[in-house]
Amino acid sequence: MMRTSDDILPVVGLEIHVELATATKLFCRCRNTFGDPPNTHVCPVCIGLPGALPVMNRRAVELSMKVGLALDCKVADYTKWDRKNYYYPDLPKNYQISQYDLPLAADGRLEIPLSDGSTHVVRVLRAHLEEDAGKNIHAAAAHTGVDLNRSCVPLLEIVSEPDMHSVEQVLGYARAMHRLVRWLGASEANMQMGQMRFEPNVNLRIKRGDVEFRTPIAEIKNLNSFRALERTVAFEIDRQYAAWLEDPEGFSIDKLGKQNRGYDDDREQTVFQREKEEAHDYRYFPDPDLAPVVMDKSWRDSVAAEIGELPLARWKRYTEDYSLSPEEADALTQDPETGDILDEAVDTGADARRGVNLLLGRGAALANERGCAIAAVGVTGGQLGELVKMQDAGEVNATAAARIFDILTETDQSPREVAEREGLLAVSDSNQIEQWVEQVIEASPQAVEDATGGGKKQKGAFGFLTGQVMQLSKGAAQPQEVQQILRQKLGL
Amino acid sequence: MAKQIDIDLVRHVGKLSRIELTDEQVRTFSRQLGEIIGYFDKLRELDTDNVEPMAHAVELTNVFAEDAPGESLTPEAALSNAPDRRDDMFQVPRIIGTGS
Ligand SMILES: [Zn+2]
C-alpha cells in the first residue's frame with residue numbers, strides 16, 4: 001500500500017487468556033483435561049446445577065500469583081470474585097465467575113527481547129483469575145452440541161496496556177508471555193488445545209503535518225495461534241489506514257469508538273461483528289458463594305521463592321556474559337532446563353562457547369530429529385562440562401566430541417569412559433600417526449601423485465589423504481598433526 | 001436520590017435476563033423494585049465516613065480445596081435432566097457467532 005508522508009503509529013494492546021495447568025478445575029474437583037469424550041469430566045458445580053457450591057482451587061490461586069509476581073505486578077492483599085452475567089449455551093450458570101474491581105494482580109510489566117538485540121517494555125494493566133466456558137460444537141445443521149468438560153477450567157486473563165507499536169512487538173510480547181507461563185509451570189499453553197488465546201485491540205495514530213488523527217479501536221476476538229495474531233494485526237493496520245484515507249474526518253475514534261471484529265481464517269482478514277448495544281451490560285456483583293482471598297506477605301514470599309531466574313534475565317546474561325548472539329540466547333532460553341545444563345557445565349569450569357556449540361549443534365539436531373526439547377535429548381550438565389574440558393585440553397577433537405555427545409544421550413557413562421570405549425581419544429602418539437600415514441600413502445598412489453604434482457588437483461588430493469588418515473584413526477587423530485606428518489612424508 | 005426504576009429499565013433488565021414480561025408485570029416490578037431501591041436512601045442517611053468499604057458480605061476468607069481429583073458424574077447422569085441431547089452432548093438450537 002502507498003504510504004504517503006503520513007506518520008503512522010500503530011497502537012496495540014493485548015488480552016491473553018491462559019488455561020492454568022492444574023490437575024482439577026477452578027471450583028470443583030473434576031479433572032482439568034483436554035480431548036476426552038464429551039461430558040466425562042463434569043459435576044453439579046461445573047454444569048451449573050442449582051444449589052451446587054464452588055470451592056476455590058488453592059493451586060490455581062498460587063499459579064496466578066506466580067505469574068503475577070513474575071510479571072512484576074503488585075499482587076493484591078485482598079481479592080474477590082464477581083459474577084459476570086450473560087447468556088450463552090456453553091455457560092450453564094448464565095454467569096461467569098470472574099474478577100471485576102479487585103483483580104488478583106495489577107500494574108506489572110513484561111520486558112521482551114527484539115531481534116536486533118534490544119528490548120521493549122510492555123506494561124501489564126492487570127491479571128485476573130476466572131473460569132473458562134464449555135465448548136459449543138456445531139456438528140449438525142440445525143443444532144449445536146454442548147460439551148462442558150472445559151467449563152470451570154481455571155483461566156488467567158492478562159491484560160496489557162496499549163504499549164505495542166509494531167507487528168514484531170506484538171508477536172514478541174505474545175511469545176514472551178507464552179514462554180514465561182510455560183517456564184513457570186503455570187500453563188502448558190498449547191495453542192492447538194486452546195490453552196492460550198489472544199484478543200488484540202488495534203488502532204492508529206496518524207500524523208499529517210501538525211494534526212494528529214486517531215482511528216477507531218478494533219478488538220479482535222479469540223485468536224488461537226501466533227500466525228493468526230500476526231496476520232490479524234498486520235491486516236488491521238493496513239485496513240485502518242486505508243479506511244482513514246477514504247474518510248479522515250469520519251473514520252475516527254471520537255465518532256466510532258470501539259468495534260468488535262472477528263478473524264476469518266480462510267480469507268485471512270478481519271470482519272465486522274455486529275453486537276447488540278446491551279450485550280456488554282454484564283451487571284457484575286460479588287459472588288456470594290466464594291470467600292474472598294487474602295494473600296499476605298508470607299504467602300506471597302513463599303510463592304516468589306519458587307520463581308528462579310526468568311527467561312529475559314537469562315537471555316541478557318547469555319548475551320552479555322557469554323557473548324552469545326540474540327538468536328543463540330533465544331534458542332537456549334525456550335525452557336529453563338536447557339540453560340540449566342549449560343550453566344551447570346560452565347560451573348564445572350567448562351568454556352561456555354564450546355558448550356553452546358555442542359548444545360546448539362548436535363543437541364539441537366538431535367532434538368529436532370526426536371521432536372523434543374534440547375534438554376530432553378539426555379545429556380547432563382556434568383557430562384557436557386567434562387566433554388567440553390576434554391575438548392579444550394586437546395584430548396578429543398571437534399568431530400570426536402560431537403560423536404561422544406550423541407552417545408552420551410543414551411548412557412550415564414562419563415565422556416571419558418565413552419571416549420575410551422569407542423577409541424575416540426585423540427591420538428597424539430606420532431609413531432601411531434606415522435604408521436597410518438604410511439599405510440594411506442601406500443594404498444593411494446594416484447592421490448600421492450596428484451598431491452605432489454603441483455597441479456590444480458594438488459589441494460583436493462592432499463585433503464583426500466588427510467581424510468583417509470583421519471578415517472583410519474576413527475577421528476581420534478588431530479587433523480593438524482596428521483597434515484604436518486603427511487607434508488613431511490610427501491616432501492611438501 | 002435513588003435511581004428511578006422506570007418502565008424502560010425494567011424492560012431492559014427483563015430482556016437481559018431472557019424473561020418475557022407483560023405490561024402489567026412491568027408496572028408491578030417497576031413499583032416493587034423502586035421500593036427496594038428506595039430503601040437504600042434510608043441506609044444512605046447513616047454516616048459512613050469512617051467505615052471501610054465492604055467488598056463482600058462474608059467475613060470468611062481463604063476457603064480452599066486442594067488440587068486433587070475427585071468424583072465426577074457419568075455423562076449419563078449429567079445429561080439425565082437435559083431437555084434435549086444428542087449422543088453425549090447437551091443439544092441446543094443452532095447458534096452462530098462467538099461467546100465472550
Ligand atoms: Zn465439576
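Residues numbered from 1 in each chain as written. Chains lettered and ligands numbered in written order. Predicted model: local features only at pLDDT ≥ 70, side-chain atom pairs only at ≥ 80, totals over all residues. Heavy atoms only, no water.

**Q** Hey, could you run me through the overall build of chain A in this one?
**A** Across its full length, chain A holds 16 helices and 18 strands. For 492 residues, the compact-globule estimate of 2.2 N^0.38 gives 23 Å, and the C-alpha radius of gyration of chain A, at 30 Å, exceeds that figure by more than 25%. The dimensions of chain A, computed from C-alpha atoms along their principal axes, are 95 × 55 × 50 Å. In chain A, which comprises 492 residues, the share counted as buried stands at 51%. Relative to all contacts within chain A whose residues are 6 or more apart in sequence, the contacts with residues 24 or more apart total 69%. The average position of the 55 basic charges and that of the 77 acidic charges among the side chains of chain A differ by 3 Å. (Helix = DSSP H or I, 4+ residues; strand = E, 2+ residues; numbered from the N terminus. Rg over C-alpha atoms; globule rule 2.2 N^0.38 Å. Buried < 20%, exposed > 50% of the residue type's maximum accessible area, 1.4 Å probe, protein only. Contact = heavy atoms within 4.5 Å. Lys, Arg positive; Asp, Glu negative; His and termini not counted. Charge placed at Lys NZ, Arg CZ, Asp CG, Glu CD.)

**Q** Looking at this structure, I do not really get the sheet that holds strand β9 (residues 135–137) of chain A. What am I missing?
**A** Where strands meet in a sheet, backbone hydrogen bonds hold them as pairs that are either parallel or antiparallel. Across the sheet, which stays open at both edges, the four strands sit in the order β9(A)-β10(A)-β3(B)-β2(B) with antiparallel pairing between neighbours. Of all strands in the sheet, those with a lone pairing partner are β9 of chain A together with β2 (85–86) of chain B, marking the two edges. Sheet topology note: the strand β10 (residues 143–147) of chain A/strand β3 (residues 89–93) of chain B ladder contains four bridges and is antiparallel. Counterpart to A:H143 in the pairing with β3(B) is B:P93. (Pairing = 2+ DSSP bridges.)

**Q** Sorry if this is basic, but what is going on with the pairing of strand β5 (residues 82–85) of chain A here?
**A** On a regular strand, one side chain projects to one face of the sheet and the next to the other, so that they alternate. Residue and element names in this part refer to chain A. Side chains D82 and K84 of β5 all project onto a buried face; the interleaved residues R83 and N85 project onto the opposite face, where all are buried too. Sheet topology note: the β5/strand β17 (residues 285–286) ladder contains two bridges and is antiparallel. Bridge pairing in β17 places R83 opposite F285. Relative to strand β6 (residues 95–98), β5 runs antiparallel, the two sharing four bridges.

**Q** I tried to follow the coordination of the zinc ion on my own but got confused; where do I start?
**A** Metal coordination angles in their ideal form are 109.5 degrees for the four-donor tetrahedron and 90 or 180 degrees for the six-donor octahedron. Residues and elements named next belong to chain A. Around the zinc ion, the protein contributes the donor atoms C28 (SG), C30 (SG), C43 (SG) and C46 (SG), at 2.3 to 2.4 Å from the metal centre. The motif formed by the donor residues of the zinc ion, counted along the single chain, is C-x1-C-x12-C-x2-C. Of this pair, C30 sits in the loop between β1 (7–19) and β2 (56–57) while C43 is found in the loop between β1 and β2, placing the two residues 13 residues apart along the sequence. Look at C43 and you get buried, because its relative accessible area is 9%. (Donors = N, O, S within 2.8 Å, 3.2 Å for Na, K, Ca; no water.)

**Q** How do you make sense of the sheet that holds β17(A) when you look at a structure like this?
**A** The strand order β6-β5-β17 (chain A) describes an open sheet built from three strands, whose pairing is antiparallel. Only two strands of the sheet have a single neighbouring strand rather than two, namely β6 and β17 of chain A.

**Q** What exactly am I supposed to notice about the environment of B:P69 here?
**A** By the element assignment, B:P69 lies in the loop between β1 (64–65) and α3 (75–78). Each C-alpha atom, one on B:P69 and one on B:N81, is 25 Å from the other, the two residues being twelve residues apart in sequence.

Interpretation note: all reported values are geometric properties and have no functional meaning in isolation.
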